Amino acid sequence: MTAGMLNSIHSPADVHALSSSQLVDLCAEIRTTLLEYGRKHGGHIGSNLGVVELTVALHHVFDSPHDRFIFDVSHQSYVHKMLTGRAAAYTDPERFGSVTGFTNPCESEHDSFVLGHTGTSISLACGLAKARDMQVSASGRSGIGNVIAVIGDGALSSAIAFEGLNNAAEQGGNLIIIVNDNEMSIAEDFGGMYGSLSALRQSGGTAASNPFRAFGLDYRYVEQGNDVHALVETLREVRDIDHPIVVHVHTVKGLGFDEAPGDAENGSDGCNQTNAEPHAGQCEANHWRNPDSVSDGMPDARKYYGAMAMASLESRFANEPGLVVISPATPGSNGITRDFRERAGSHYVDTGIAEEHAAAFAAGIAKAGGRPVLATSATFFQRTFDQLQQELSLNRVPATLLIFGAGISGTDNTHSGAFDIAMFANVPNLTCLAPTSGEQMLDMLAWATGPSEHGAVAIRMPGEQILELERAADVAFDPIERAEGHEPFVPAVDRAGDCPFKRYQILRPGRDVAVLGLGNTVALASHVVDRLSGGDTDDDSIGMPVPPVTATLIAAPQYSSLDEEMLSMLADGHRIVVTLEDGQLEGGWGEKITAFYANSRDAKANAVHVLNFGAIKEFTDRVPRERLNERYGLTADQVISRIRMAY
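Quick look at the structure, then.

What counts and what doesn't
- Residues numbered from 1 in each chain as written.
- Predicted model: local features only at pLDDT ≥ 70, side-chain atom pairs only at ≥ 80, totals over all residues.
- Heavy atoms only, no water.
- Axes fitted to C-alpha atoms, helices over the stretch in contact; angles between N-to-C directions.
- Helix = DSSP H or I, 4+ residues; strand = E, 2+ residues; numbered from the N terminus.
- Parallel < 35°, antiparallel > 145°, perpendicular 65-115°, else oblique.
- Contact = heavy atoms within 4.5 Å.
- Nonpolar A, V, L, I, M, F, W, Y, C, P; charged D, E, K, R; others polar.
- Core = buried A, V, L, I, M, F, W, Y, C linked by side-chain atoms within 4.5 Å.
- Buried < 20%, exposed > 50% of the residue type's maximum accessible area, 1.4 Å probe, protein only.
- 1 Å grid on protein atoms, 1.4 Å probe; cavity = no way out; pocket = protein on both sides within 12 Å on 5 of 7 lines; lining within 4 Å.
- Points joined across faces, edges and corners; volume = space filled by probe spheres on them.
- Phe/Tyr/Trp six-rings, centres within 6.5 Å; stacked < 30°, edge-to-face > 60°.
- Lys NZ or Arg CZ within 6 Å of the ring centre and 35° of its normal.
- Pairing = 2+ DSSP bridges.

Moving on: the packing of helix α2 (residues 20–40) against helix α11 (residues 228–238). Pairs of packed helices are described in terms of their axes, by the angle between the two and the distance that separates them. The interhelical angle for the contact between α2 and α11, taken along N-to-C directions, is 120°, at an axis separation of 10 Å. Taken together, the axis directions place α2 and α11 in an arrangement best described as oblique. Along its contact with α2, which presents Ser-20, Leu-23, Val-24 and Cys-27, the element α11 presents Val-228, His-229 and Val-232. Broken down by class, the residue content of the contact of α2 with α11 amounts to five nonpolar, two polar and no charged.

This part takes up the nonpolar core. Membership of the largest hydrophobic core comes to 48 residues, with the highest contact counts inside it found for Leu-26, Ile-30, Leu-34, Val-56, Ile-176 and Ile-178. In terms of residue count, α2 provides more of this core than any other element does, seven residues in total. Ignoring sequence-local partners within four residues, the contact set of Leu-26 consists of Met-5, Leu-6, Ile-9, Leu-18, Val-56 and Leu-83. With 47 residues, the next largest nonpolar core counts Leu-388, Ile-421, Ala-425 and Leu-567 among its residues.

This brings us to the layout of surface pockets. Reported here for the second largest pocket is a volume of approximately 390 Å³. Sort the elements by how many residues they give to the lining of the second largest pocket and helix α26 (residues 625–632) lands first, with four residues. Looking at the lining of the second largest pocket, its residues break down into six nonpolar, six polar and five charged.

Look at the link from Ser-64 to Pro-65: it is a cis peptide, with omega at 10°. For Pro-65, the position within the fold is in the loop between α4 (52–61) and β1 (68–72). Cis geometry marks the peptide bond from Asp-72 to Val-73; its omega dihedral reads -5°. You will see that Asp-240, though not glycine, has its phi angle at about 65°, which is positive. Within the secondary structure, Asp-240 is located in the loop between α11 and β5 (244–250). Positive phi is not limited to glycine here, since Ala-329 has a value of about 80°. Note that Ala-329 resides in the loop between β6 (323–327) and α14 (338–344).

The next point concerns the packing of aromatic side chains. One pass over the structure, following the stated rule, counts 15 aromatic pairs. Between Phe-419 and Phe-619, the ring centres sit 5.8 Å apart and the planes meet at 75°, which makes this aromatic pair edge-to-face. Highlighted residues: Phe-419 in the loop between β9 (400–404) and α18 (420–424) and Phe-619 in the loop between β18 (609–615) and α26, separated in sequence by 200 residues. On the accessibility criterion, Phe-419 (19% relative accessible area) is buried. You can call Phe-619 exposed: its relative accessible area is 66%. Each residue in the set Tyr-37, Tyr-78, Tyr-90 and Phe-96 is aromatic and connected to the rest through ring pairs, giving one cluster. Lying across the ring of Tyr-647, Arg-575 places its NZ or CZ 4.5 Å from the centre. Here Arg-642 stacks its cationic end above the ring of Phe-613, 4.4 Å away from the centre of that ring.

So, on to the pairing of strand β13 (residues 512–518). The buried fraction of β13 is high, at six of seven residues. Sheet topology places β13 next to strand β16 (residues 552–556); five bridges connect them, and they run parallel. Bridge pairing in β16 links Val-515 to Leu-553.

Here β1 lies mainly inside the structure; four of its five residues are buried. Here β1 pairs with strand β2 (residues 147–152) via five bridges, running parallel. Counterpart to Ile-70 in the pairing with β2 is Ala-149.

So, about helix α9 (residues 192–202). What sets the pattern is the α-helix's 3.6 residues per turn: residues three or four places apart point alike. Within the sequence span of α9, burial applies to Met-193, Tyr-194, Ser-196, Leu-197, Ser-198, Leu-200 and Arg-201. Tucked inside the fold, the buried residues of α9 contact α8 (159–171), β3 (175–181), α10 (211–214), β4 (218–222) and β5. Directly beyond the C-terminal end of α9, a positive phi value near 65° is found at Gly-204.

Right, let's talk about the sheet that holds β3 for a bit. Sheet strands line up and pair through hydrogen bonds in the backbone, either parallel or antiparallel. Taking strand neighbours across the sheet as the criterion, the five strands line up as β1-β2-β3-β5-β4 in an open arrangement whose pairing is parallel. Of all strands in the sheet, those bounded by a partner on one side alone are β1 and β4. For this sheet, the mean angle separating the axes of adjacent strands, direction not counted, is 15°. Pairing of β4 with β5 involves five bridges; the strand directions are parallel. From the neighbouring strand, Asp-218 faces β5, where its bridge partner is Ile-245. The strands that α9 touches are β3, β4 and β5; relative to β5, the one it contacts most, it runs at about 75°.

In C-alpha cells:
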C-alpha cells in the first residue's frame, strides 16, 4: 500500500488524477484509517467501511461540487469527507471530533445539506435537478452538473424515499440514484421491498420483480460493489445521462472488520449474540462502534430503562395477544435487545426506517383492541407529527409512545431531543408523562397499556440525570431483575380514563419558594432546595450573607396539562415559583405555568413571581450537556442566584 496517500488528497481533483492501481491503494488506506479511527474515536464505522470503493469511484468519475452528491443516511459520508479536504479529522487524533458524523455545508462546499435523518436524498436530488434544468432552459447553463443521490443502509424503506422515486421518473432529466444495498438497515432489513432487492441480487439485476423499473426508472446493477474498477466503469457509463437512473450496488457492510467466528461467509452468527462485536456482513453491532476506551460497564439510560420496560411488557405477552412492541429500525439503541426480540415473536415488529408508518400502524392495532407500544427517539418522533395529531390523537386510540433520548444533550444538530416537550404537549388528547424514577416509569407503562379508557399516552423515558440519581442511591441494579421485582402501582382516579399521574407531587413541603422539576430535572430541583434550606451561607453574586429558605420541592410527572389546583395552592404562601425543564423553554411547560399565574383572577396568584429555566430555541451541534446547562442557567448555582435576586 502506498504510505500516506490520504495526506496528498486535498480535493476531488487529487482523486481524479489517480491511476487504477492507486485507486485500489487509496481504498485500502482509507479502510485501515476507518478501522483505526473507530478504535480510537468510535462512530458509524460499519456503514462507511461498506462504501469505501463506491465513494472513491464517485469522486474519481464525477466533479464535486459542480456535480452534487447527497448522501443518505449521511452517516455513510466519512469517506466523502476524507476526499474533500477533511482527512485530518480522521487521521489526526487531535482533530477527531472537528467534523460532525453527517454531511454539513458549514464544513465544506462539497456537502449540500445537513442530513442526519433518513430517506430524503432522492427528494432533495429531484429539487436540485429541477432547479438546474430550469436554469439551463432559461440561460443555457447552470452551476449544477450531475445530481447523484446515494441512499442505503436502510434509508430506502422511508416513506419519503418512495415519494422521491415516484416523482423522479416523471420529472426526467439527469438524476442518478445510487442504491447502496448492504442487506442491512440498522438491524436487519424489514419489508416486502427487500424481497425484491434480494431477487435482483440473486438474478444479477434481471429479476422481473424490479421496484425501480415499476416506478418508470432506468436501472443498472453492480454485483461487486466493493470493486472500485467495476464501479468506475459503471459510473462513467451513466455520467451525464439525460434521464433518471437507479444504479443498484451490492456492498458488504463493515468490510474490514474481523469476520464472525465460524461464519466467514456472511457473518450472521455474530448477529445472534446480544453483545456481538462488529464484523463484516449482516451484523447489527457494526452500525455503531464504540472506541476501545469505552468500558463494558453499565448501559446508558436509553438501554437501561428500555430494558426495564421490555422486561415488564414481556411478562404479559402470554396472556395479552394484542400487546405489541413496535420499533422503527433502532431497537438496540433503546434496550430492545436481540434476545428480547426473539422471545417476543409476533409481539415485536420492526417497521424499518418508517416512523410515520409505525405511528399509523400502532393506531390500527389500538383501534382493533390491541395495546401497541411504539418506541423510538424523540428526534425521530418529530417525523410523525401528522400521525400524532390525526391517526393517534384525533382518533383517541390507546397507543403508548416511549420517547427515548429526550432532553438536552451533547448530540449533533440533527439528533437533538430538546424539542419534544413543546411538540408533544400541544397535541390535543395526548397524555404526556415524565417519570422521575424507573419504578414510576413502570407504573405509567402499566397504566398506559392497561384496560383504562384513554387516548394515546407518551412516556418521556428517564434520562441520564435520573439514572445517575438512582445509581447514587444504589437503586439501579440489573434492569431485568428490577422490572421483574416491581409490582406496578397505578393510583386510583375519580373516573375511568382519567390520568392518575396528572397531579404534581410535593416531595418536601416548605414556604416562600416552590421549585418544580419536570421529569429529569427533579434531581436538580432537589439539589437547589437542599442548598436553599441551609447549604448556602453566602452568595457571591449579591455580595452578602443570605438566610436559609425552606423551599417546597415538587415533582411534575406530566406536561400535557397543568395541575391548576396545586398551582393555586402554591400561591397561598409562596412568593416565587421556579420551573425546571430539560427542553426548549419557548412553547414549553414552564411558560404555561407563567401564563397561568399571569392570567389568574386571583390577586395572590397574580403576585407570584415565576422563574422559568430551560433551553434556548436553537440548534446545537455536539456541545457537551454540561456546557449547555451552563448556557441555559440550568445549574444549581445559577438557579439559586436568580432565586436570591428575586427573593
